[in-house]
Amino acid sequence: MTERDEWGADPQVRYLRCSFALMEKAQADLLRCLNVASDDYRLRRIREAALHLFERGGRMAGRSGIVIGEEDAAVLYIYCFARALAANRIPVAEEMLPAHEKIVLFIKEVFK
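A short tour of the structure in this document, coming up. Fair warning: this is a prediction, and the values are worked out from it, not measured in the lab.

This part takes up the side chain of D72. For D72, the position within the fold is in helix α3 (residues 70–87). K102 is the oppositely charged side chain nearest to the buried, salt-bridge-free D72, at an N-O distance of 7.8 Å. The contact partners of D72, leaving out residues within four places of it in the chain, are I66, V67, H100 and I103.

Okay, here's the thing in structure tokens:
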């Protein structure tokens, strides 16, 4: 019996799935560059902190027109993830992060 993915037809669901896939890829790439193992015990709390920052900042960034697509959402998330890493003594050099002037300014302003 073949099951049909009725959720997959919803444009909002497709947007979220694409956004999450881009976020996961960006996170994995950054961890690889930092030589942090994907099973590092600190990552659970770091991911929770990054999600909290992303949820808080994402709403404001969306309302201000800074995040307008899946790629922007992934960039915002990776900046939140980098802040959470730094708060847990895993520094991230700026050149390791994607260039996005509006998001960089937004992050600096919102998370002073």
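Another aspect to go through is unusual backbone geometry. A positive phi angle, close to 60 degrees, is found at N35, a residue other than glycine. Inspection of the secondary structure puts N35 in the loop between α1 (11–34) and α2 (43–64). Overall, N35 belongs to the exposed group, its relative accessible area being 72%. One non-glycine residue, R89, lies in positive phi territory at about 65 degrees. Its location among the elements puts R89 in the loop between α3 and α4 (101–110).

How each quantity is defined
- Numbering of residues begins from 1 in every chain and follows the order in which that chain's sequence is written.
- At least 70 in pLDDT is required for a residue's local features to be given in this predicted model, at least 80 for side-chain atom pairs to be given and counted, and no such filter applies to totals for whole chains, interfaces and linings, which use all residues.
- The side-chain figures draw on all heavy atoms in the structure; neither hydrogens nor water molecules are used.
- Secondary structure elements follow DSSP: runs of H or I of four or more residues count as helices, runs of E of two or more count as strands, with numbering from the N terminus.
- The rule is simple: take the accessible area with a 1.4 Å probe, protein chains only, and divide by the maximum for that residue type; under 20% is buried, over 50% is exposed, in between is partly exposed.
- The positive count covers Lys and Arg only, the negative count covers Asp and Glu only, and His and the chain ends enter neither.
- Here a salt bridge means any side-chain nitrogen of Lys or Arg lying within 4 Å of a carboxyl oxygen belonging to Asp or Glu.
- Working rule for contacts: check all heavy atoms of both residues, and any pair within 4.5 Å makes them a contact.

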